[in-house]
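Each chain is listed here by its residues.
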Amino acid sequence: MQRTVKNGSRKLPKAATGVAGLDAITGGGLPKGRTTLLLGGPGSGKTILALKFLVQGATAEKEPGIFVAFEESSTRIMENASSFGWKLDKLTPKRLYFLDAMPPANEVHSGEFDLGGLLAALGAQVKAMGARRIVFDALDIPLSLLTDPAARRREVYRLHEWLIERGLTGLITAKADAEAEHAAEPASYGFMQFMVDCALILKHGVVNGVSQRNLRVQKYRGTSFDENETPYLIGSEGLEVTAAPFLRR
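Residues numbered from 1 in each chain as written. Predicted model: local features only at pLDDT ≥ 70, side-chain atom pairs only at ≥ 80, totals over all residues. Heavy atoms only, no water.

## A short note on the layout of surface pockets
Here the largest pocket is characterised by a volume of approximately 180 Å³. Surrounding the largest pocket, 14 residues form its lining, G43, G45, K46, T47 and E71 being those nearest its centre. Elements represented by at least two residues in the lining of the largest pocket include exactly α2 (46-59) and β8 (169-175). The element that contributes the greatest number of residues to the lining of the largest pocket is α2, accounting for three residues. Each residue belonging to the lining of the largest pocket can be placed in one class, and the counts come to four nonpolar, five polar and five charged. (1 Å grid on protein atoms, 1.4 Å probe; cavity = no way out; pocket = protein on both sides within 12 Å on 5 of 7 lines; lining within 4 Å. Points joined across faces, edges and corners; volume = space filled by probe spheres on them. Helix = DSSP H or I, 4+ residues; strand = E, 2+ residues; numbered from the N terminus. Nonpolar A, V, L, I, M, F, W, Y, C, P; charged D, E, K, R; others polar.)

Given below as structure tokens:
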């Protein structure tokens, strides 16, 4: 189901994530047909949120999706998600397709990486299954192979243009320092925060010995949104965000 939020005289289509609290504070979900960047430290739940976004599309929204894994194998990701009751085995491969894209050892040692071949293969898969959603999980892994900042920008622009050309609702995840959401900006992929239409921050830290997790919508072009941090936890159904619907002022 397509959800919209009024923005002046026009409506901005939203793609529901299936995380009720997140859909509440964004007024319906992520920008449909656009790209969202999801930043967070280790263990913050980036992969869980990204996968839930695809599961929601493949089940309730009739939007098949593709999960591109740069860090963990698809087998391991599915095993880790087995406790959430998402029944991934019934969705794959027609409605939810996993692609293992971890850089080969020779590329790691040579410091060379190019998204061209991967995107060509993905283009064929998108067409074959009619995919409307796609996740690039841990994009920082392949980008780290490129020591030249210009090369990193080139590949990110290549990916961004590829997504726009196909009208896909894209979600890119990348690691960020748990204590400073802009810590990665100078060295690697911070410029993506200016390129994408939506940026989410997941923070996971310990305060007085107590684990705390907070989610914040950093930017969302074309619509109002709740800019405050919202607590969340990783429960039996994935990310659980408790938030009231955002009321536009």
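On we go.
## Some words on the pairing of strand β7 (residues 133-137)
Summarising burial for β7: five of the five residues are buried, a large majority. A two-sided burial pattern is seen for β7, the buried positions comprising R133, V135 and D137 on one face and I134 and F136 on the other. As paired elements, strand β5 (residues 65-69) and β7 share five bridges and run parallel to each other. Directly across from I66, in β7, lies its bridge partner I134. (Buried < 20%, exposed > 50% of the residue type's maximum accessible area, 1.4 Å probe, protein only. Pairing = 2+ DSSP bridges.)

## Digging into the sheet that holds strand β6 (residues 96-100)
Ordered in space as β6-β5-β7-β8-β4-β9-β10-β11-β12, the nine strands form an open sheet in which the pairing is mixed. Because the sheet does not close on itself, it has two edges, and the strands there are β6 and β12 (238-241). Looking at each pair of strands side by side, their axes are set apart by 25° on average, direction ignored. Set on the sheet, α2 makes contact with β4 (35-40), β5, β6, β7, β8, β9 (198-207), β11 (230-235) and β12; between it and β7 the angle comes to about 165°. Relative to β5, helix α6 (residues 116-129) is tilted by about 155°, and along the sheet it contacts β5, β6 and β7. (Axes fitted to C-alpha atoms, helices over the stretch in contact; angles between N-to-C directions. Contact = heavy atoms within 4.5 Å.)

## As for the packing of aromatic side chains
Enumeration over the complete set of coordinates arrives at five aromatic pairs. Plain terms: the ring middles of F136 and W162 are 6.4 Å apart, the flat faces sit at 85° to each other, and that makes the pair edge-to-face. Within this pair, whereas F136 is found in strand β7, its partner W162 is found in helix α8 (residues 149-166), the two being separated by 26 residues in sequence. The two residues F136 and W162 agree in class, both being buried. Linked through ring pairs, F70, F136 and W162 together constitute an aromatic cluster. (Phe/Tyr/Trp six-rings, centres within 6.5 Å; stacked < 30°, edge-to-face > 60°.)

## Overview of the pattern of salt bridges
Should their charged atoms come close, side chains of opposite charge can pair. Taken as a whole, this structure holds 12 salt bridges when the rule is applied. Here D197 and R34 are joined by a salt bridge, their closest N and O atoms 3.5 Å apart. Separated by 163 residues along the polypeptide, D197 in the loop between α9 (192-195) and β9 and R34 in the loop between β3 (30-31) and β4 bring together distant segments of the chain. R34 gets classed as partly exposed once you look at its relative accessible area, which sits at 26%. D114 is the salt-bridge partner of R158, the closest N and O atoms lying 3.5 Å from each other. With R158 in helix α8 and D114 in the loop between α5 (105-110) and α6, this residue pair connects regions lying 44 residues apart in the sequence. A single network of salt bridges, built from pairs that share partners, joins D114, R154, E155 and R158. (Salt bridge = Lys/Arg side-chain N within 4 Å of Asp/Glu carboxyl O.)

## Some words on the nonpolar core
One finds L51, F67, W86, L88 and L96 to be the most contacted residues of the largest nonpolar core, which totals 37 residues. Tallying contributions element by element places α2 first for this core, with eight residues. Those residues in contact with L96 that lie beyond four places of it in its chain are L51, L54, V55, G65, L88, L91 and M129. Counting residues in each nonpolar core, the second largest holds 32 residues, with L118, L122, V126 and F136 among its members. (Core = buried A, V, L, I, M, F, W, Y, C linked by side-chain atoms within 4.5 Å.)

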